[in-house]
Amino acid sequence: MTCDKLKQKAKSLGNRLQRYNERVKRYKNNQLYYKNPKEFFRSLENSIVAEEDPPSPENMHRTWKEIWESEEEHDETAFWIRDAEREAEKYTMEEVRITEEDVKAILKKSNNWSAPGPDGVHNYWWKYFDCTHKILAETFQRALLNPSNLPEFLTSGITHMLPKGKDSGDPKNFRPITCLSTLYKILTGVITLNISRHIGKNNILAREQNGCRKDTRGCKELLIMDSLITKQAKKKQRNISVAWVDYKKAFDSILHSWLLKTLQLYGVSKAVINLLKCLMSSWRTRLHVNIRDHTYTTPELYFDDLKLYAGSEDQLKRQLKVVASFTETIRMQMGLDKCAVVNVKRGRITEGEGMLVKDDIELQRLGPEGRYKYLGIKQGLEINSAETKTTFRTTFISRINKILQSKLNAKAMVTSMNTWAMPYLSYSFGVVKWFTSDLKAIDIQSTDFIYLGRMEEEACRASKQCTTELS
């Protein structure tokens, strides 16, 4: 009898400990979800586990300093820049007047508890302290007229280095995410708002520019057009040559001089350009790394997917030479290990050696079984529907399961499914052909997971009642 009682007490204590852990998990996840949804979803994903120790602070600092502190400038003598300058004479930006309504519009779209910069002030406080909005607008207007009035802390940030894969020993294999002060975000948001109005009013962006457009789904539109082009080429047995071009550290290595030149070519006012030039010259950040109990912060630093289509291989080579020339002008580099070409004759992929564009630029050639990941979807000439649907279905069900196991409350659980799980699946609609039977199978499988989650909750309640009686 004594042994049985001890076993029952041990089981009772084990159940209590389990319920305590679940209660803590429920509380932490709900708090994190309402405070920072992006961080919550990132914690659920958690698919990358670094296997190696991170590089030393000196190595990390030296590598990224070379990228961000480059003093190189673009080639101003390129002939096509002269043509663009003549075109820019047509655009004249109106004088920028920063108003209280502009500040409110930016704050309205901001996340209350998104990660702040070194100042530690969240958007919430600026958003709901209405009395500061007018003062902010007046301060930003004075900074626009005289950028030297801006305080130094405004352009100071902290960059969190997240490993891209299991190989965390290489400093270049990290994704930098910089947290800047909320004031800097509000200021640049207001400037962006005025530039967007100018670009929209004059219809400056080219039709081919799908990124950075308001109220558009650039990636999905490109994938749908790509699917139609490649299907027609295969169905009608046409000749087509395709190239995928990727750039090394495209976001990090763009020259400051070229950013300012682009604004000039868009007809942006000199006051805005001078303000941004002043901000760029004072950018500084610290690198923060936290991997497997290795945490350090370095000293301060100052600081793409392109797809071409052609009717023949020779025409594609001419297009690639134009891209290479443009790349050389703005002093960027192609990531040749992530570039590829495919040549199709009468609807069939031909094999061969890589395509030599220039002496130092050779692009690998994909064979019939080759795959390239373009805008999140693997493809050759066409998208493999069966393989792609399996990937989307597996990831969708996995996300549903992770949300159910996170112990969120009912409202947050439904919202997170609509925010994190459903958009992933709907991204493939129109790009991959789904049958009614496929969607029904996904619906049944996801419903089963939800039902099992409810059964686990009921079992937990029953166990709690049983434990209380034993006590």
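Computed from a predicted model, the values in this text were never measured in an experiment. (Residues numbered from 1 in each chain as written. Predicted model: local features only at pLDDT ≥ 70, side-chain atom pairs only at ≥ 80, totals over all residues. Heavy atoms only, no water.)

**Section: the overall build of the protein**
If you tally the helices and strands in the protein, you get 15 helices and twelve strands. Considering only C-alpha atoms, the protein reaches an extent of 95 × 65 × 45 Å along its principal axes. Split into buried and exposed, the 471 residues of the protein put 40% on the buried side. By element, 53% of the accessible surface of the protein is carried by carbon and sulfur atoms, the whole surface being about 28,500 Å². (Helix = DSSP H or I, 4+ residues; strand = E, 2+ residues; numbered from the N terminus. Buried < 20%, exposed > 50% of the residue type's maximum accessible area, 1.4 Å probe, protein only. Areas by Shrake-Rupley, 256 points an atom, 1.4 Å probe, with all protein chains shown as cover.)

**Some thoughts on the state of the cysteines**
For the structure on display, the rule yields zero disulfides. Not engaged in a disulfide, the cysteine C339 finds its nearest cysteine sulfur in C219; these two sulfurs lie 18 Å apart. Classification of C339 as buried rests on a relative accessible area of 0%. (Disulfide = S-S within 2.5 Å.)

**Describing the packing of helix α2 (residues 37-45) against helix α14 (residues 410-426)**
Running from amino to carboxyl end, α2 crosses α14 at an angle of 65°, the nearest separation of the two axes being 12 Å. Comparing their axes, α14 and α2 come out roughly perpendicular. In terms of crossing hand, the pair formed by α2 and α14 is right-handed. Counting all contacts with α2, which are made through F41, L44 and E45, the residues of α14 involved are S416, T419 and W420. Its residues assigned to classes, the contact of α2 with α14 comprises three nonpolar, two polar and one charged. (Axes fitted to C-alpha atoms, helices over the stretch in contact; angles between N-to-C directions. Parallel < 35°, antiparallel > 145°, perpendicular 65-115°, else oblique. Left-handed = near helix turned anticlockwise from the far one by under 90°. Contact = heavy atoms within 4.5 Å. Nonpolar A, V, L, I, M, F, W, Y, C, P; charged D, E, K, R; others polar.)

**A word on the packing of aromatic side chains**
One pass over the structure, following the stated rule, counts 16 aromatic pairs. Measuring from centroid to centroid gives 4.9 Å for W113 and Y124, while their planes differ by 15°, and the two rings are stacked. Within this pair, whereas W113 is found in the loop between α5 (100-109) and α6 (123-128), its partner Y124 is found in helix α6, the two being separated by eleven residues in sequence. Connected via pairs of aromatic rings, a cluster forms that spans Y33, Y34, F40, F41 and W420. (Phe/Tyr/Trp six-rings, centres within 6.5 Å; stacked < 30°, edge-to-face > 60°.)

**Structural notes on the pairing of strand β1 (residues 156-163)**
Within β1, six of the eight residues are buried, which leaves it mostly tucked inside the rest of the structure. Strand direction decides the pairing type here: β1 and strand β2 (residues 174-180), joined by seven bridges, are antiparallel. Pairing of L162 across the sheet is with R175, part of β2. (Pairing = 2+ DSSP bridges.)

**Topic: the packing of helix α8 (residues 182-202) against helix α11 (residues 270-281)**
Working note: a packed helix pair is described by the angle between its axes plus the distance between those axes. The interhelical angle for the contact between α8 and α11, taken along N-to-C directions, is 150°, at an axis separation of 12 Å. Classified by the interaxial angle, the pair formed by α8 and α11 is roughly antiparallel. The hand of the α8/α11 crossing is left-handed. The segment α8 lies against α11, with Y184, L187, I191 and I195 engaging V272, L275, L276 and L279. Considering only residue class, the contact of α8 with α11 consists of eight nonpolar, no polar and no charged.

**Description of the pattern of salt bridges**
Following the criterion strictly, the structure yields 18 salt bridges and no others. K261 serves as the salt-bridge partner of E85, at 2.5 Å between the closest nitrogen and oxygen. You can see E85 sitting in helix α4 (residues 79-88) and its partner K261 sitting in helix α10 (residues 256-265), a full 176 residues away along the chain. Judged by its relative accessible area of 23%, E85 is partly exposed. (Salt bridge = Lys/Arg side-chain N within 4 Å of Asp/Glu carboxyl O.)

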